[in-house]
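# Structural overview for review
Residue-level listing of the chains:
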Amino acid sequence: MKTIPLPYFNERPCQIDTIVIHCLAHDLIGAINSFHEHQVSSHYLIDENGKIYRFVEDDKRAWHAGVSFWKGCSNLNDCSIGIELCSKSFGQSLYPLKQIKSLMRLLKKLKYRYHIKKERILAHSDIAPMRKADPGKAFDWKYLARHNLGVWYQIKNAGFVCENDEQSLLAKIGYDTTDFKAAKCAFVRHYMGEFVANDTLERLLKQPFDTPLHIDQLYFLSVLKARAYCEK
Ligand SMILES: [Zn+2]
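The sections below set out a description of the structure shown in this document. (Residues numbered from 1 in each chain as written. Predicted model: local features only at pLDDT ≥ 70, side-chain atom pairs only at ≥ 80, totals over all residues. Heavy atoms only, no water.)

### Considerations on the packing of aromatic side chains
For clarity, the cut-off: A pair of aromatic rings is counted whenever rings of Phe, Tyr or Trp (Trp by its six-membered ring) have centres within 6.5 Å, and the orientation is called stacked for planes under 30 degrees apart, edge-to-face for over 60 and tilted otherwise. Secondary structure is summarised from DSSP: a helix means a run of H or I of at least four residues, a strand means a run of E of at least two, and numbering begins at the N terminus for each. Remark: exposure states derive from per-residue accessible area (1.4 Å probe, protein chains only) relative to the maximum for the residue type, with buried under 20%, exposed over 50%, and partly exposed in between. Definition used: whenever NZ (Lys) or CZ (Arg) falls within 6 Å of the ring centre and also within 35 degrees of the ring normal, the charge is taken to sit over that ring.
Across all of its chains, the model carries 12 aromatic pairs by this definition. Note on Tyr153 and Tyr191: the rings are 6.4 Å apart at their centroids and 65° apart in plane angle, and the pair reads as edge-to-face. Here Tyr153, found in the loop between helix 4 (141-146) and helix 5 (166-173), pairs with Tyr191, found in helix 6 (residues 180-191); they are 38 residues apart in sequence, far enough to count as distant. Residue classification places Tyr153 among the buried positions, given a relative accessible area of 16%. Looking at Tyr191, the relative accessible area reads 5%, which means it is buried. Summarising the aromatic geometry, the rings of Phe187 and Tyr191 are spaced 4.8 Å apart at their centres and angled 35° between planes, so their arrangement reads as tilted. Pair noted here: Phe187 and Tyr191 are both in helix 6, with a separation of four residues, about one helical turn. In this structure, Lys172 packs its charged tip against the face of Tyr229, placed 4.4 Å from the ring centre. The residue whose ring lies beneath Lys184 is Phe220, and the NZ or CZ to ring-centre distance is 4.6 Å.

Next comes the structure, spelled out in structure tokens:
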């Protein structure tokens, strides 16, 4: 792992309990230029060959999440580690296996070191659904969950759930549902990526909440119920 220090961080006010996964449509150099331009940072970046770079020490608060919310907590920068993935397609097409394997090794290490629960490994789009679409619909959350690095669902569990209110179900998982359409879009991106239309980079960056979803409403509700009560 190579360290390239960036000055965009401050002190953490609390302990680490979350990991946020991002993507950037840049290579390493482009990413660093973009960080300087916007005065932001992440703790790590993994390029498409699986090489890992560190910009900020874990115990410092990097500036990667911005305005964010999950399960009653806002300002996720306080408690999270941010990992950027280089992705030319901005998460619209599958990530290279080499890159995912490196990510999984890093996630395992961090999860063990900081006792991070698997349900606290999140997408930037999960915690900022009105503003962000990364790491995108092609990020394979199911594969990660199979290795205990995230949460998935069993569709059969939907049958045991009486709750039918989509907004309450999204809020139970952790989403900010102030903008219901955005929260729904973020959920579909994470758990049903195959039903998310391809979109242009410009729209993904400016209107992530407005990507067309080709989804059957009843099926969506079943997946939502199964995920919200995935511990059943
Ligand atoms: Zn991001």
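### Section: the layout of surface pockets
The test is simple: Using only the protein atoms, space was sampled on a 1 Å grid; points where a 1.4 Å probe fits but cannot get out form cavities, open sets with protein on both sides within 12 Å along at least five of seven lines form pockets, and lining residues are those with an atom within 4 Å of a point. Grid points are joined across faces, edges and corners, and a volume is the space filled by probe spheres set on the points. Basically, the charged four are Asp, Glu, Lys and Arg, the nonpolar ten are Ala, Val, Leu, Ile, Met, Phe, Trp, Tyr, Cys and Pro, and anything else, Gly included, counts as polar.
Looking at the largest pocket, its volume works out to about 490 Å³. Forming the boundary of the largest pocket are 23 residues, of which Leu24, Ser34, His38, Glu84 and Lys132 lie nearest the centre. Residue assignment for the lining of the largest pocket shows that the elements contributing at least two residues are strand 3 (18-24), helix 1 (28-38) and helix 7 (201-206). With four residues, helix 1 is the largest single contributor of residues to the lining of the largest pocket. Taken together, the residues of the lining of the largest pocket sort by class into 10 nonpolar, eight polar and five charged.

### Considering the packing of helix 6 against helix 8 (residues 217-228)
The condition is simple: Interaxial angle, 0 to 180 degrees, is taken between N-to-C directions of lines fitted to C-alpha atoms, where a helix line uses only the stretch in contact. Angle categories: roughly parallel below 35 degrees, roughly antiparallel above 145, roughly perpendicular from 65 to 115, and oblique for all the rest. Contacts: residue pairs with any heavy atoms within 4.5 Å of one another.
In the contact formed by helix 6 and helix 8, the axes pass within 11 Å of each other and the chain directions differ by 80°. Judged on the interaxial angle alone, helix 8 and helix 6 are roughly perpendicular. Each of Lys184, Phe187, Val188 and Tyr191 in helix 6 lies in contact with helix 8, whose residues at this interface are Gln217, Phe220, Val223, Leu224 and Arg227. Residues belonging to the contact of helix 6 with helix 8 are distributed by class as follows: six nonpolar, one polar and two charged.

### Overview of the pairing of strand 3
The condition that has to hold: By definition, two strands form a pair when at least two bridges between them are found by DSSP.
Burial analysis of strand 3 places seven of its seven residues in the buried class, the great majority of the element. Alternating residues of strand 3 divide into Thr18, Val20, His22 and Leu24 and Ile19, Ile21 and Cys23, and every residue in both groups is buried. Pairing geometry for strand 3 and strand 10 (residues 121-123), over three bridges, is parallel. Each residue of the ladder has a partner; that of Val20, found in strand 10, is Leu122.

### With respect to the environment of Arg227
What counts is decided by this rule: For the purposes of these results, a polar contact is taken to be a pair of N or O atoms within 3.5 Å, where, inside protein, one atom must be able to donate a hydrogen and its partner to accept one; residues adjacent in sequence count only when each atom of the pair is a side-chain atom.
With respect to the helices, strands and loops of the structure, Arg227 is situated in helix 8. Residue class for Arg227 comes out buried when judged on its relative accessible area of 8%. A C-alpha to C-alpha distance of 6.6 Å links Arg227 and Trp152, two positions 75 residues apart in sequence. Other than its neighbours up to four places away in sequence, Arg227 contacts Val151, Trp152, Tyr153, Ile173, Phe187 and Tyr191. At a separation of 2.8 Å, a polar atom in the side chain of Arg227 contacts the side chain of Tyr191.

### Brief notes about the coordination of the zinc ion
To keep it simple, the criterion reads: Metal-coordinating donors are taken as N, O and S atoms lying within 2.8 Å of the metal, or within 3.2 Å when the metal is Na, K or Ca; because water is left out, some sites can appear incomplete.
In the first shell of the zinc ion, the protein supplies His22 (ND1), His124 (ND1) and Asp134 (OD), at 2.1 Å from the metal. All donor residues of the zinc ion come from one chain, and their arrangement in sequence is H-x101-H-x9-D. In this pair, His22 is assigned in strand 3 and His124 in helix 3 (residues 124-127), connecting sequence segments 102 residues apart. Residue His22 shares its accessibility class with His124, and that shared class is buried.

### Considerations on the pairing of strand 9 (residues 80-86)
Counting buried positions over the seven residues of strand 9 gives seven, a clear majority of the element. Here strand 9 shows no split at all, with Ser80, Gly82, Glu84 and Cys86 on one side and Ile81, Ile83 and Leu85 on the other all buried. Strand direction decides the pairing type here: strand 3 and strand 9, joined by seven bridges, are parallel. Bridged to Cys23 within strand 9 is Leu85.

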